[in-house]
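Summary of structural features
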Amino acid sequence: MKRVAAFLLIFALCFLVGCAQPSYFVEFSLSQNAYSGGRKLSKSEISDLQSEISGLLHEIESQISTEIEESDVSRINAAAAGEEIRVGEHTAAMLEICSDLYEKTNGAFSPALYNLSRLWKFTPEFEGEYSVPRPEPSADLIAETLVNSSFEDIQIEGDSVVKQNGSVKLDLGGIAKGYMSDCVRELILQKYPDFCGTFSVMSNSVLMGEKQEDSAGLGYTAMLENPRAAVTGGTSPNGGLYFAELSQVAVSTSADNYRFYVYDDTIYKHIIDPFTGKPSQNGVISVTVLVPLSLENAGALADAYSTAGFCMPLTETLDFYRSLWEECGIGAVVITSDFCYAVVGDYTVLQPKEYAELIRPELTDSVENVFSLREGEALDTVVPDEREREYISLFKEK
Amino acid sequence: MDRKEKIDCIRRQKYFVWGDVVVITAAAALVIFFFLLSFVNSAAQGDSFSVLYRGKEIFRATLAEDAEYVFYIEGSEGRVVLFEQGKEYSDYNVISVRDGKVCVSDSDCADHTCRHFGKIAKGDILCLPHDLRIRIDGKGLETDV
């Protein structure tokens, strides 16, 4: 009888553990509907995979987190000019990708903006205070900090990093989650070379292979979060737009509705423009970038390119994405504060009503379209929609 | 109780005592509770709200049942539990669910903006001072990611 009791207790404890959400410092989720060789992976196989991925994410994080004193990035940030720092494989790989992206975006993507992020109080030490309304730092202080925020002051050769200017500090936050998603995909492919399934590292999703059991015939689908759900949305408030017919693609979204504050009728987002030294103000509120998995470092590219779109005038942003589409099939959806969106590439982007019509026709009347497809050429000056003013007014100082 | 009775009792206890009943009942109750809970959670997916702290979902509950929850910050963690009247909380927002709608009925944040969102059945309620987002989950337009 005691053996039965012990068994039941162990079973109950296992059940409890199974119910608990896995705890990652970096938020990660793996679809339970994953296939390999046409066979659905069992729960234990998924669980094993999740454990391995968790270990990998922690390993990467330990190298690149600015919150960990012994991390490579923390050591680089603390180093004096001319001091050589040896870094681990993940940091070295990320810095190499960063160098390439810095060049390709003409500096719009820069990983050397830690000092500016700190000046604007968006670094982890200000956690809990990001949203506190505050005036801008003085122009002199911004200019002074900008001088100490040049990626060109960092020399990288393999695993060796040397700073020309000791004050420059790195923050790999603009690429880290995308890079992690590439490493996760590599790990999965080592175990299951023909894996079909999806996973997400924060707002970076990877859709591997073709969708299995595709009863709707839509391939993989993805929701583009509505960054203005607080004032719009209908009965499907979280979806601003929807993607369908996706496969073998990395999808990354950067938006201004996380980590921001409102002061003097202006949204100050955490994405810093490396040219002005200020939070980006180009009228863009959300950028989603889709990178085919056939491209090397697809996840990292999607992550970095979605950030870069905030740091150019709008017309340049759209031209930049058009050139990426023509050169290598990278697509983008850019939503602006006039509640218009532009689609670059031939990805299938659906309005909520169109998507509802395909998968739940009975909901078509109850969902609302929020954003309109941009007609004609965009201008650099974006006139905010009335709903944008309503959204900003939610956060005005009382 | 003579020696023989004592030995009999010890022998009996060797195989079965009241403590066994308690352990077995507790274990069975736990198994049944969490087995049923798993069905409750899955049933609530399409008609529920989520609470996100620092952008990360920490709680989800159904809109079908009226209830009062409290979100509060403990150290660097955000927590959501059933609200207890009279109990003192700090850095908190009381989340009320009534008739399928959600509102923040009380809070100690600096600006009280969250309370001005009123009762919502769509969209989000934001509390910037607490880095809190209460989100009505989509009803039916599911996607893979």
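Calculation notes
Residue numbering note: each chain is counted from 1, following its sequence as written. Chain letters and ligand numbers both follow the written order, the letters beginning at A and the numbers at 1. With the structure being a predicted model, the display of local features is reserved for residues of pLDDT at least 70 and the display and counting of side-chain atom pairs for 80 or more, all residues being used for whole-chain, interface and lining totals. Secondary structure is summarised from DSSP: a helix means a run of H or I of at least four residues, a strand means a run of E of at least two, and numbering begins at the N terminus for each. The exposure label follows from counting other C-beta atoms within 10 Å of a residue's C-beta, where the C-beta atoms are placed from the backbone and the thresholds are 20 or more for buried and 12 or fewer for exposed, leaving partly exposed in between. Throughout, a pair of residues is in contact if the C-beta atoms placed from their backbones lie within 7 Å. All radius of gyration figures rest on C-alpha atoms, and the globule criterion is 2.2 Å times the number of residues raised to 0.38. Any two strands with at least two DSSP-identified bridges between them are counted as paired. Throughout, an axis means a line fitted to C-alpha atoms (over the contacting stretch in the case of helices), and angles, computed between N-to-C directions, take values from 0 to 180 degrees. For every residue, the predictor assigns a confidence score, pLDDT, that lies between 0 and 100. What counts as a domain boundary in this text is fixed by an automatic or database domain assignment. Polarity classes work like this: nonpolar for Ala, Val, Leu, Ile, Met, Phe, Trp, Tyr, Cys and Pro, charged for Asp, Glu, Lys and Arg, and polar for all others, with Gly in that last group. To define a nonpolar core, we join buried Ala, Val, Leu, Ile, Met, Phe, Trp, Tyr and Cys residues through C-beta atoms within 7 Å and take the resulting set. An angle below 35 degrees is treated as roughly parallel, one above 145 as roughly antiparallel, one from 65 to 115 as roughly perpendicular, and anything else as oblique. In this scheme, a crossing is called left-handed if the near helix is turned counterclockwise away from the far one by less than a right angle; it is called right-handed if the turn is clockwise. In this description, one arc is meant: the one made by directions from the helix axis to the C-beta atoms.

Quick notes on the overall build of chain B
If you tally the helices and strands in chain B, you get three helices and eight strands. Seen in sequence order, chain B has helices and strands lined up from the N terminus as α-α-β-β-β-β-β-β-α-β-β. For chain B, the residues scored as buried account for 27% of the 145 residues in total. Taking contacts inside chain B between residues at least 6 apart in sequence as the whole, the part at least 24 apart equals 29%.

So, the overall build of chain A
When you go through chain A residue by residue, the secondary structure sums to 11 helices and 18 strands. Taken over the C-alpha trace, chain A has a radius of gyration of 22 Å; the compact-globule value for 398 residues is 21 Å, and the two agree within 12%. In chain A, which comprises 398 residues, the share counted as buried stands at 45%. In chain A, once contacts between residues fewer than 6 apart in sequence are set aside, the share between residues at least 24 apart is 69%.

Side note on the pairing of strand 15 (residues 331-336) of chain A
All names here are of chain A. The element strand 15 is largely enclosed, with a buried count of six among its six residues. Going residue by residue along strand 15, you find Gly331, Val333 and Ile335 tucked away on one face and Ala332, Val334 and Thr336 tucked away on the opposite face as well. Summarising the sheet, strand 14 (residues 284-292) and strand 15 pair through six bridges and their orientation is antiparallel. Considered in strand 15, the bridge of Ser286 is made with Ile335. Sheet analysis places strand 15 next to strand 16 (residues 340-344), joined by four bridges and oriented antiparallel. The residue bridging Ile335 from the neighbouring strand is Tyr341, located in strand 16. In this antiparallel pair of consecutive strands, strand 15 and strand 16, the connection spans three residues, and Phe339 shows a positive phi of 65°.

Some points on the environment of A:Ser65
All names here are of chain A. The topology assignment puts Ser65 in the loop between helix 2 (43-64) and helix 3 (72-78). A residue is classified by how many C-beta atoms lie within 10 Å of it, and Ser65, with 20 of them, is buried. The sequence separation of Ser65 and Thr145 amounts to 80 residues, and the corresponding C-alpha distance is 21 Å. Contacts of Ser65, omitting those with residues within four sequence positions, involve Ser71 and Val73.

What to know about the sheet that holds strand 5 (residues 154-157) of chain A
All names here are of chain A. Pairing is antiparallel across the open sheet formed by three strands, whose spatial order is 4-6-5. The open sheet is flanked by strand 4 (84-86) and strand 5, the only strands paired with a single partner. Each neighbouring strand pair of the sheet contributes to a mean axis angle of 25°, computed without reference to strand direction. Relative to strand 6 (residues 160-163), strand 4 runs antiparallel, the two being bridged by three bridges. Counterpart to Ile85 in the pairing with strand 6 is Val161.

Remarks on the sheet that holds strand 17 (residues 348-350) of chain A
Residue and element names in this part refer to chain A. Pairing within the open sheet is antiparallel, and its three strands lie in the order 9-10-17. On the outer flanks of this sheet lie strand 9 (220-225) and strand 17, each paired with one strand and no other. Pairs of neighbouring strands in the sheet enclose a mean axial angle of 25°, with direction left out of account. Sheet topology note: the strand 9/strand 10 (residues 239-246) ladder contains five bridges and is antiparallel. Its bridge partner lying in strand 10, Leu224 is registered against Leu241.

Topic: the confidence of the model for chain B
Residues and elements named next belong to chain B. Put simply, chain B has an average pLDDT of 82, and 84% of its residues get 70 or more. Below pLDDT 50 for its whole length, residues 40-46 participates in four contacts with residues either more than four positions away or in separate chains. This complex was scored by the predictor with a pTM of 0.77 and an ipTM of 0.84.

What about the domain arrangement of chain A?
How big an interface is tends to be reported as the loss of accessible area on association of its parts. Residues and elements named next belong to chain A. Taken domain by domain, chain A consists of domain 1 (67-170) and domain 2 (214-393). For domain 1 and domain 2, the distance between their C-alpha centroids amounts to 27 Å. Contact with domain 1, which involves 22 residues of that partner, is made by 17 residues of domain 2. Mapped by element, the contributors of at least two residues to the side of domain 1 that touches domain 2 are helix 4 (89-104), helix 5 (114-119) and helix 6 (139-147). Classifying every residue of the side of domain 1 that touches domain 2 by side-chain character gives 14 nonpolar, seven polar and one charged.

What to know about the nonpolar core
Residue and element names in this part refer to chain A. With 130 residues, the main nonpolar core has Met94, Ile175, Val291 and Ala302 as its most contacted residues. No other element matches helix 8 (residues 298-308), which puts seven residues into this core. Setting aside residues no more than four positions away along its own chain, Ile175 makes contact with Met94, Ile97, Cys98, Pro111, Ala300, Asp303 and Ala304.

Section: the packing of helix 7 (residues 176-191) of chain A against helix 8 of chain A
Residues and elements named next belong to chain A. Across the interface, helix 7 lies against helix 8 with an axial gap of 6 Å and an inter-helix angle of 165°. Here helix 7 lies roughly antiparallel to helix 8, going by the angle between them. Helix 8 is crossed by helix 7, and the crossing has right-handed handedness. Residue-level inspection shows Lys177, Gly178, Tyr179, Ser181, Asp182 and Arg185 of helix 7 in contact with helix 8, the latter providing Ala298, Gly299, Ala300, Ala302, Asp303 and Ala304. Residues of the contact of helix 7 with helix 8, tallied by class, amount to five nonpolar, three polar and four charged.

As for the environment of A:Phe126
Here A:Phe126 shows up in the loop between helix 5 and helix 6. The class of A:Phe126 is partly exposed, set by 14 C-beta atoms lying within 10 Å.

What about the packing of helix 2 of chain A against helix 4 of chain A?
All names here are of chain A. It is at 8 Å that the axes of helix 2 and helix 4 come closest, and there the two elements cross at 70°. As the angle between them shows, helix 2 and helix 4 are arranged roughly perpendicular. Counting all contacts with helix 2, which are made through Ile60, Gln63 and Ile64, the residues of helix 4 involved are His90, Thr91 and Met94. Per-class residue counts for the contact of helix 2 with helix 4 are three nonpolar, three polar and no charged.

Remarks on helix 10 (residues 352-359) of chain A
All names here are of chain A. Along helix 10, the positions that sit buried rather than exposed are Pro352, Tyr355 and Ala356. Buried residues of helix 10, viewed axially, fall in a sector of 100°; they line one side. Of the surrounding secondary structure, the elements contacted by the buried residues of helix 10 are strand 10 and strand 17.

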